[in-house]
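Structural overview
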2 protein chains.
Amino acid sequence: MNEFTFKPIGYIRSEHHILEKTPIQPVFARECTGRIELLPEYVDGLESIDGFSHIYLLYWLHKAKPAQMIVKPYLQDCEHGIFATRFPNRPNPIGMSIVRFVKMEGATIWVNDVDILDGTPLLDIKPYTKSFDCFPGCKNGWYSDIDPETAQRRGKRGYEEKNDL
Amino acid sequence: MNEFTFKPIGYIRSEHHILEKTPIQPVFARECTGRIELLPEYVDGLESIDGFSHIYLLYWLHKAKPAQMIVKPYLQDCEHGIFATRFPNRPNPIGMSIVRFVKMEGATIWVNDVDILDGTPLLDIKPYTKSFDCFPGCKNGWYSDIDPETAQRRGKRGYEEKNDL
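Quick summary incoming for the structure in this document. Only a predicted model underlies this, so the values are computations on that prediction, with no experimental measurement involved.

Re the state of the cysteines
With the rule as written, the count across this model stands at zero disulfides over all chains. The structure places no disulfide on Cys78 of chain B, whose sulfur is separated from the nearest cysteine sulfur, that of Cys138 of chain B, by 20 Å.

A word on a negative patch on the surface
Together, Asp44, Glu47 and Asp50 of chain A together with Glu79 of chain B give the surface a local cluster of negative charge. Looking at where Glu79 of chain B falls in the secondary structure, it is placed in the loop between strand S5 (70-71) and strand S6 (80-81).

Some remarks on the pairing of strand S7 (residues 94-105) of chain B
Residue and element names in this part refer to chain B. By the bridge criterion, seven bridges tie strand S4 (residues 54-60) to S7 in an arrangement that is antiparallel. Within the sheet, the bridge partner assigned to Leu57 lies in S7 and is Ser97. Pairing geometry for S7 and strand S8 (residues 108-112), over five bridges, is antiparallel. Within S8, the residue paired with Glu105 across the bridge is Thr108.

Side note on the relation of the copies chain B and chain A
Between the two copies of this chain, the relationship is a rotation about some axis together with a displacement along it. With an RMSD of 0.0 Å, the operation that places chain B on chain A is a rotation of 180° combined with a shift of 0.0 Å along the axis. The two molecules are tied by a two-fold rotation axis, judged by turn and shift. In this assembly, 100% of the residues forming the interface of chain B have copies in chain A that are likewise at the interface, indicating an isologous arrangement.

Conventions and cut-offs
- Residues numbered from 1 in each chain as written.
- Chains lettered and ligands numbered in written order.
- Predicted model: local features only at pLDDT ≥ 70, side-chain atom pairs only at ≥ 80, totals over all residues.
- Heavy atoms only, no water.
- Disulfide = S-S within 2.5 Å.
- Patch = residues over 30% accessible without salt bridge, like charges linked within 9 Å, V, L, I, M, F, W, Y side chains within 5 Å.
- Areas by Shrake-Rupley, 256 points an atom, 1.4 Å probe, with all protein chains shown as cover.
- Salt bridge = Lys/Arg side-chain N within 4 Å of Asp/Glu carboxyl O.
- Lys, Arg positive; Asp, Glu negative; His and termini not counted.
- Charge placed at Lys NZ, Arg CZ, Asp CG, Glu CD.
- Helix = DSSP H or I, 4+ residues; strand = E, 2+ residues; numbered from the N terminus.
- Pairing = 2+ DSSP bridges.
- Least-squares fit on C-alpha atoms with pLDDT ≥ 70 in both.
- Contact = heavy atoms within 4.5 Å.

What follows is the structure, encoded as structure tokens:
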């Protein structure tokens, strides 16, 4: 019960090749298309997934540095506990993104709003559903203190939105 | 890059002691209180988390059976791919629940709407925020075919809501 071993079920491909310029959340990576290359033995597990517009990707933050308990997140120059942020340097570096499903073909799934570094190992895919995952009345902690313009500027980290799409 | 090792950051305590009677999602475990017992070395990472009303828990589904690619989910007698469901028998058995934050004291966090088996090893805590995580206009796949009453009955799996709270 002291260690668990996980293995990649596939890899995420994206246009983000530089860690420092990778957007920090899908809301800052609008129209950034990427794809999942699933390992062939898992393809049957995709049945029915095309009925969902949004899916969770859980992945290994393979470039994360050692865990820090107190961090300054990308969006704000204030310190917060690692568990009150999505910062990558976590005790178990599991990343999570809610991306938009575009289409699939064989072992490839095209997705949109991708904020993930190219080559990232994928751990799991879960369907997003309003009934389980949408809480519009939630309290947003320190995120409430950030104005939307600052959030977009800092959250994109150099990624330029494609306005022509 | 072929295997990643994760370790528990703490354990989840709940009133669910029988796997077969554990609700399958927080929406089917209303007012079911539980707590997280974090390991002492991670307590500093909780700073600022009390500003959020909802938090993600990622945990090891330690009682999951070997992975199946096609499953019949608890809510419906139809077969779907494992990645189009939250069913536990996944290639990497990582569970995810959005629970309500109640209060914390030292290494203990009290949470509500807990659909997790007592003693489950915790992997990560992430803040839930409307800006990143709430998509009210999403398409809900096969979940749309289930009427809310059936969902509540099957999703609770014997757990009785406490109406007196």
